[in-house]
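Secondary and tertiary structure notes
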Amino acid sequence: MENFDLVIIGAGPAGLTAAIYAQRANLSYLLLEKGPIGGKVITAYEIENYPGFSKISGSELALTFRKQIKDLNIYFKREEVTRIEKFDDLFFITTNKDRYQTKNIILATGTKENELNVENADKFKGRGVSYCATCDGAFYKDKNVVVYGGGDSAITEATFLAPIVKSLTIISRHELRGEAKNIEKLLSSNNVKCIKNSVITELIGENELKGVKLRNIYTDKTENLPCDGVFVYIGSKPEVNYLNFLNVLNEKGYIETDSHFRTRIEGVYAIGDCIDKELRQIVTATSDGANVIHTILSDMNK
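The structure reproduced in this document is the subject of the present report. (Residues numbered from 1 in each chain as written. Predicted model: local features only at pLDDT ≥ 70, side-chain atom pairs only at ≥ 80, totals over all residues. Heavy atoms only, no water.)

What to know about helix α2 (residues 58-71)
Note the following rule: Every helix listed is a DSSP run of H or I at least four residues long, and every strand listed is a run of E at least two residues long, numbered separately from the N terminus. An expected span of 1.5 Å times one less than the residue number is assigned to each helix. Think of it in three bands: residues with accessible area under 20% of the maximum for their type are buried, residues over 50% are exposed, and the middle band is partly exposed, with areas taken using a 1.4 Å probe on protein chains only. Picture the helix axis, draw a direction to every C-beta atom, and the arc is the one those directions span. Contacts were defined at the residue level, with two residues in contact if any of their heavy atoms lie within 4.5 Å.
Across its 14 residues, α2 extends 20 Å between first and last C-alpha, which sits within 8% of the 20 Å expected from 1.5 Å per residue. Here α2 has its buried residues at Gly-58, Leu-61, Ala-62, Phe-65 and Ile-69. Along the axis of α2, the buried residues cluster in a sector spanning 100 degrees; they form a single face. The outward face of α2, more than 90 degrees from its buried face, is lined by the exposed residues Leu-63, Lys-67 and Lys-70. Among the structural elements, α1 (13-24), β2 (29-32), β3 (76-77) and α7 (282-300) are those in contact with the buried residues of α2. Of the residues flanking the end of α2, it is Asn-73, one or two places downstream, whose phi is positive at about 55 degrees.

In structure tokens, the structure reads:
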């Protein structure tokens with residue numbers, strides 16, 4: 001069994017930065033990730049608010065992450081964590097391939113998109129219901145689509161879809177909450193409209209999606225909206241399936257930390273989108289990754 005000062009779980013911007021700073025601090029560490037390097041970054045259509053790049057796609061940025069890991073010889077393994085146990089002052093991490101021992105853990109597991117909670121949502125998944133515009137957008141060329149959600153993710157992905165599709169309707173429970181510049185750009189497209197104060201209550205169709213049923217949350221008035229596809233962006237929750245064994249979650253389902261990224265369990269830290277914070281951006285995730293190593297070094301030297 002390999003022994004480490006630190007195991008970092010998650011190779012998105014937060015976890016990657018933590019690994020870089022751990023290596024620079026001469027800590028013995030391991031970076032674990034079950035999916036693509038870069039996490040959710042890889043699905044982002046266009047990034048304009050990350051220093052060093054006027055404009056870059058998420059997939060391109062993820063490629064630079066991969067190159068940096070290789071160039072810096074970051075100790076990385078593609079494995080999925082299934083269990084974490086603590087005995088005395090040591091943690092034992094079980095993955096789908098191996099088992100590791102460490103003094104400290106950083107949880108940088110990011111979030112997973114909330115799925116549409118209506119009847120037949122599973123039936124139409126991949127057959128009219130999608131959670132990734134950059135993955136599936138090409139299948140809806142010259143078709144009528146709905147983007148369900150009003151936050152940054154919904155606005156960004158709708159901006160990607162608008163030039164591809166025939167028409168795009170944004171369905172939002174409230175006012176649009178993305179960045180003002182991005183909302184203005186999106187709504188200036190001739191084929192884009194927005195229906196606010198509404199929720200999807202039903203998917204219409206038999207073997208393929210034909211439309212959605214909407215309900216106004218204030219008047220209860222309903223209407224059917226024909227469409228060929230629905231792209232869902234209604235928030236997200238942390239990837240914390242294996243954390244049943246650690247009492248680190250708050251009532252919202254996020255990992256609770258202090259201002260220095262310590263959880264309530266000594267030796268367990270958390271950073272990035274999986275913690276309870278207001279701003280979830282690439283730049284804040286990388287900041288978390290740098291700062292948590294500073295905290296760990298301070299704690300180790302007490």
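What to know about the pattern of salt bridges
To keep it simple, the criterion reads: The term salt bridge refers to a pairing of a side-chain nitrogen on Lys or Arg with a carboxyl oxygen on Asp or Glu at a separation within 4 Å.
Under the criterion given, the structure shown has 16 salt bridges. Where Lys-125 meets Glu-115, a salt bridge forms, and the shortest distance between an N and an O atom there is 2.9 Å. Residue Lys-125 is found in the loop between α3 (121-124) and β8 (129-130), and its partner Glu-115 is found in the loop between β7 (111-113) and α3; the two are separated by 10 residues along the sequence. Judged by its relative accessible area of 42%, Lys-125 is partly exposed. For Glu-115, a relative accessible area of 34% corresponds to the partly exposed category. Across the salt bridge formed by Glu-256 and Arg-264, the nearest N and O atoms sit 3.0 Å from each other.

Considering the state of the cysteines
Stated formally: Two cysteine sulfur atoms make up a disulfide if the distance between them is within 2.5 Å.
All told, the structure shown has one disulfide when counted by the stated rule. Sulfur-sulfur distance for the disulfide between Cys-132 and Cys-135 comes to 2.1 Å. Between Cys-132 and Cys-135, the disulfide has an S-S torsion of 70 degrees and is therefore right-handed. Assessed through its relative accessible area of 11%, Cys-132 is described here as buried. On the basis of relative accessibility, which here comes to 48%, the residue Cys-135 falls in the partly exposed class. Between Cys-227, a free cysteine, and Cys-194, which holds the nearest cysteine sulfur, the sulfur-to-sulfur gap is 15 Å. Residue classification places Cys-227 among the buried positions, given a relative accessible area of 4%.

Brief notes about the packing of aromatic side chains
Where we set the bar: The criterion for an aromatic pair is that two Phe, Tyr or Trp rings (for Trp, the six-membered ring) have centres within 6.5 Å, with stacked assigned to planes under 30 degrees apart, edge-to-face to planes over 60 apart and tilted to the rest.
Tallied over the full model, the rule gives five aromatic pairs. For the ring pair Phe-4 and Tyr-75, a centre distance of 6.0 Å and an interplane angle of 45 degrees mean the geometry is tilted. In this pair, Phe-4 sits in strand β1 (residues 2-9) while Tyr-75 sits in the loop between α2 and β3, placing the two residues 71 residues apart along the sequence. Overall, Phe-4 belongs to the buried group, its relative accessible area being 7%. By relative accessible area, Tyr-75 is classed as partly exposed at 30%. Ring geometry for Phe-4 versus Tyr-100: centroids 6.2 Å apart, planes at 55 degrees, classification tilted. Linking Phe-4 in strand β1 with Tyr-100 in strand β6 (residues 99-107), this pair joins segments that are 96 residues apart in sequence.

Everything listed is a geometric property; what it means functionally is a separate question.
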